[in-house]
Each structure stands twice: as C-alpha cells, then as structure tokens.
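Listed below, chain by chain, are the residues.
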Amino acid sequence: IVAVIPVSAQYGDNITAKSDRMKWNNSPTLIQSLDCLCAPKTPTRSPLRFAVQCPFIADGKPAILGRVVSGRLFENHQITFGPVCRTTEIISITVSGSGVTSAGPSRSVSVVLRDAANIERGQVGFNACHPPLITDSLVADIFWIGTKPLKPAEEIFILCGTQYCPAYIET
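Remember, predicted model here, so these are calculated numbers, not experimental data.

Draft legend 1. Molecular detail of the packing of aromatic side chains. Taken as a whole, this structure holds 0 aromatic pairs when the rule is applied. In this arrangement the basic side chain of Arg21 is found over the ring face of Tyr11, its NZ or CZ atom lying 4.5 Å from the centre.

Okay, structure coming up:
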C-alpha cells in the first residue's frame, strides 16, 4: 500500500492530529496510517536463515551470537554457513541465558558449535538442503536520500545481514 501523507515535523502538522494549516488535505494522520499497518507474519515455515553477529568462545567451546531470521535452529542438527559453505553441528542453543532445544524467527541466540573455524560476522547459517541463493548482484528499488545524486558506477555500502558490503550502481 502506498500513501502520501503531508506532514511537518517542525510544527507537528498531521503527525498525531489533523492540521489547521493543511485544510486541503484529506489523508489520515501519520499515526492513524501507522495504526492501520499489519505486522508481517513470522516466517517459521521458511527455510532456516541465521545471521551471524559475532563469533566467540564460551566455556572453551566455539560459539556464535546471531539472530534467527527465518526457519528454526535445532540442537544436534547440522548447519552450513555461507558464502563459505562450511558445515558443522549445533551442540547447544541459549536464549536469554537459558538453554533451549530449538529457536525460531526473531530470536537472538548463542549457539555452541562443534567447529566454528572461519565463521565470521555477516555470514548466514542455513540448512544445506535449502541453501540461499548466493550471488554478487541484485536488482533493487532504492530510495536515495543524500546530499548529492546517486550516479552509475559509484560505490555505496549496503547492509547485508549484519555486515556492510561495498556495492556499485550499474543503472
């Protein structure tokens, strides 16, 4: 859904209440529009995607802090990390200091792995049976807010999971 809501943050016009300065405007206020939005459904049935935030050592064992983006993590299951495609086993999962046997979407977790060598911030864990598309290009609609225009061949940085990656604009 696309909505155009004229507002003025400086004066609070059309943010929480209709503005007398914009009597020509028939749209709802910003708050009314936001209240009409529905939260996205939790992607539990989607393939596992686990964004690595930070590898560390927990009680002498290799561990990863990360966030389950979709799917579920399970104790004693295999997990592959890309783009390096390194597979290891999940020994244990901790959520908010408590051990659990699985974790679903939107959960930040600590995972102890059998081997966490070469697993770094920004990598993504997945089930090898349902790998993500690993690519070096993408097509995107960009809403650019900058002090200068965006130009072809210009380098920008995009947030990819938990890592800033350089990117180049083609056209």
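Draft legend 2. Region of interest: a nonpolar patch on the surface. On the surface, a nonpolar cluster with roughly 410 Å² of combined accessible area is contributed by Val7, Leu30, Ile31, Leu34 and Leu37. Within the secondary structure, Leu37 sits in the loop between helix H1 (30–35) and strand E1 (49–58).

Draft legend 3. Examining unusual backbone geometry more closely. With an omega of 10 degrees, the peptide bond running from Gly82 to Pro83 counts as cis. Relative to the helices and strands, Pro83 is located in the loop between strand E4 (78–82) and strand E5 (86–95).

Draft legend 4. Highlighting the pairing of strand E8 (residues 108–113). Of all 6 residues that make up E8, 5 are buried, and the element is covered over most of its length. Direction of pairing for E5 relative to E8: antiparallel, over a ladder of 4 bridges. Each bridged residue has a counterpart across the sheet, and for Ile90 the counterpart in E8 is Leu113.

Draft legend 5. The arrangement of the pattern of salt bridges in detail. Under the counting rule described, the total for this entry stands at 4 salt bridges. Close ionic contact of Asp115 with Arg86 constitutes a salt bridge, the shortest N to O distance being 2.2 Å. A residue pair is termed long-range when its members are at least 10 positions apart, and Asp115 in the loop between E8 and strand E9 (124–126) and Arg86 in strand E5 qualify at 29 residues. We classify Asp115 as partly exposed; its relative accessible area is 30%.

Draft legend 6. Quick look at the pairing of E4. The buried count for E4 comes to 4 of 5 residues, which makes it a mostly enclosed element. Where E4 and E5 come together, 4 bridges link them in antiparallel fashion. If you follow Phe81 over to E5, its bridge partner there is Arg86. Where E4 folds back onto E5 in an antiparallel hairpin, the turn is made up of 3 residues, including Cys85, whose phi is positive at roughly 55 degrees. Pairing analysis gives 3 bridges linking E4 to E9, with the strands arranged antiparallel. Paired with Phe81 across the two strands is Gly125, which belongs to E9.

Draft legend 7. Just the nonpolar core, in detail. Counting residues in each nonpolar core, the largest one holds 17 residues, and the members touching the most others are Phe50, Leu73, Ile79, Val109 and Leu113. Sorting the residues of this core by element identifies E1, strand E2 (61–70), E4, E5 and E8 as the ones contributing at least two each. Residues contacting Ile79, with those up to four places away along its chain left out, are Leu48, Phe50, Leu73, Arg86, Thr87, Thr88, Ile90, Leu113, Gly125 and Phe126.

Draft legend 8. Summary view of the side chain of Thr80. Here Thr80 is to be found in strand E4. At 2.8 Å, the side chain of Thr80 and the side chain of Thr87 are in polar contact. If we ignore the near neighbours within four places in the chain, the residues touching Thr80 are Cys85, Arg86, Thr87, Val124, Gly125, Phe126 and Ala128.

Draft legend 9. Up close: the side chain of Glu154. Within the secondary structure, Glu154 is located in the loop between E9 and strand E10 (155–160). Within the structure, the side chain of Glu154 is placed 3.0 Å from the backbone nitrogen of Lys151, a separation counted as a polar contact. If we skip the residues at most four places from it in the chain, Glu154 touches Lys148, Pro149, Ala167, Tyr168 and Ile169.

Draft legend 10. Quick peek at the environment of Val68. Here Val68 shows up in strand E2. On the accessibility criterion, Val68 (0% relative accessible area) is buried. Considering only alpha carbons, one finds Val68 and Arg49, 19 residues apart in sequence, at a separation of 6.2 Å.

Cut-offs and rules
Residues numbered from 1 in each chain as written. Predicted model: local features only at pLDDT ≥ 70, side-chain atom pairs only at ≥ 80, totals over all residues. Heavy atoms only, no water. Phe/Tyr/Trp six-rings, centres within 6.5 Å; stacked < 30°, edge-to-face > 60°. Lys NZ or Arg CZ within 6 Å of the ring centre and 35° of its normal. Patch = residues over 30% accessible without salt bridge, like charges linked within 9 Å, V, L, I, M, F, W, Y side chains within 5 Å. Areas by Shrake-Rupley, 256 points an atom, 1.4 Å probe, with all protein chains shown as cover. Salt bridge = Lys/Arg side-chain N within 4 Å of Asp/Glu carboxyl O. Helix = DSSP H or I, 4+ residues; strand = E, 2+ residues; numbered from the N terminus. Buried < 20%, exposed > 50% of the residue type's maximum accessible area, 1.4 Å probe, protein only. Pairing = 2+ DSSP bridges. Core = buried A, V, L, I, M, F, W, Y, C linked by side-chain atoms within 4.5 Å. Contact = heavy atoms within 4.5 Å. Polar contact = N/O pair within 3.5 Å; in protein donor to acceptor, adjacent residues only side chain to side chain.

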